[in-house]
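These are the residues of each chain, in order.
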Amino acid sequence: MLERAFAREGGREPNEAEAQRYLQLADEAEKKAKEAEVLAGEADAAAVRSAERYATTQSPSDQDSVERWKVEAETHRREADSLRKEAERMRQYVT
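The structure reproduced in this document is the subject of the present report. (Residues numbered from 1 in each chain as written. Predicted model: local features only at pLDDT ≥ 70, side-chain atom pairs only at ≥ 80, totals over all residues. Heavy atoms only, no water.)

1. Brief notes about the nonpolar core
Moving on, step 1. Tyr22, Leu25, Ala26, Ala29, Ala33, Ala36, Ala80, Leu83, Ala87, Met90 and Tyr93 together form the largest nonpolar core, which totals 11 residues.
Moving on, step 2. For this core, the secondary structure elements donating two or more residues are helix 2 (16-57) and helix 3 (60-94).
Moving on, step 3. With 6 residues, helix 2 is the largest single contributor of residues to this core.
Moving on, step 4. With residues up to four places along the chain from it excluded, the contact list for Ala33 reads Ala80, Leu83 and Arg84. (Core = buried A, V, L, I, M, F, W, Y, C linked by side-chain atoms within 4.5 Å. Buried < 20%, exposed > 50% of the residue type's maximum accessible area, 1.4 Å probe, protein only. Helix = DSSP H or I, 4+ residues; strand = E, 2+ residues; numbered from the N terminus. Contact = heavy atoms within 4.5 Å.)

And the structure:
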């Protein structure tokens, strides 16, 4: 997103209003990153519960559930990392 804005503006520095908007977008990206981390934690907890259930039942569906929750947790972590990097790029653009 940032690269497109910079290219569209021909490489010029942002004015005050644009800078404020980029900072606001960076804050929103940070907020979404925190939300993604929370979702990752919830997925980790669900994986633990599924693992405990699998230990009792030995059901293949419970084992599959563990793997699905682990994948979901990792997906949320990657999303959070990407959002944090995007926020940092936006902040660097205005400083």
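2. Focus on the environment of His76
Moving on, step 1. Along the polypeptide, His76 turns up in helix 3.
Moving on, step 2. The exposure class assigned to His76 is buried, which follows from its relative accessible area of 13%.
Moving on, step 3. The spatial distance from the C-alpha of His76 to the C-alpha of Gly41 is 8.9 Å, given a sequence separation of 35 residues.

3. Regarding the pattern of salt bridges
Moving on, step 1. A full pass over the atoms with the stated rule returns 8 salt bridges.
Moving on, step 2. A salt bridge links Glu37 to Arg84; its shortest N-O distance comes to 3.7 Å. Taken together, the positions of Glu37 in helix 2 and Arg84 in helix 3 put the pair 47 residues apart, joining distant regions of the chain.
Moving on, step 3. Among the residues examined, Glu37 registers a relative accessible area of 30% and is labelled partly exposed.
Moving on, step 4. For Arg89, the salt bridge is made with Glu86, and the minimal N-O distance between the two is 2.6 Å. With Arg89 and Glu86 both in helix 3 and 3 residues apart, this pair spans about one turn of that helix.
Moving on, step 5. Judged by its relative accessible area of 32%, Arg89 falls in the partly exposed class.
Moving on, step 6. Salt bridges sharing common partners tie together Asp27, Glu30 and Arg91. (Salt bridge = Lys/Arg side-chain N within 4 Å of Asp/Glu carboxyl O.)

4. Re the side chain of Ser50
Moving on, step 1. Looking at the element boundaries, Ser50 is found in helix 2.
Moving on, step 2. Looking at Ser50, the relative accessible area reads 1%, which means it is buried.

5. Observations concerning the side chain of Asp62
Moving on, step 1. Within the fold, Asp62 resides in helix 3.
Moving on, step 2. Judged by relative accessible area, Asp62 falls into the buried class, the value being 10%.
Moving on, step 3. Aside from chain neighbours lying at most four places away, what touches Asp62 is Ser50, Arg53, Tyr54 and Thr57.

6. Some remarks on the packing of aromatic side chains
Moving on, step 1. Taken as a whole and assessed by the stated rule, the structure comprises 1 aromatic pair.
Moving on, step 2. With 4.9 Å between their ring centres and 85 degrees between their planes, Tyr22 and Tyr93 make a pair best called edge-to-face. Of the two residues, Tyr22 sits in helix 2 while Tyr93 sits in helix 3, which places them 71 residues apart along the sequence. (Phe/Tyr/Trp six-rings, centres within 6.5 Å; stacked < 30°, edge-to-face > 60°.)

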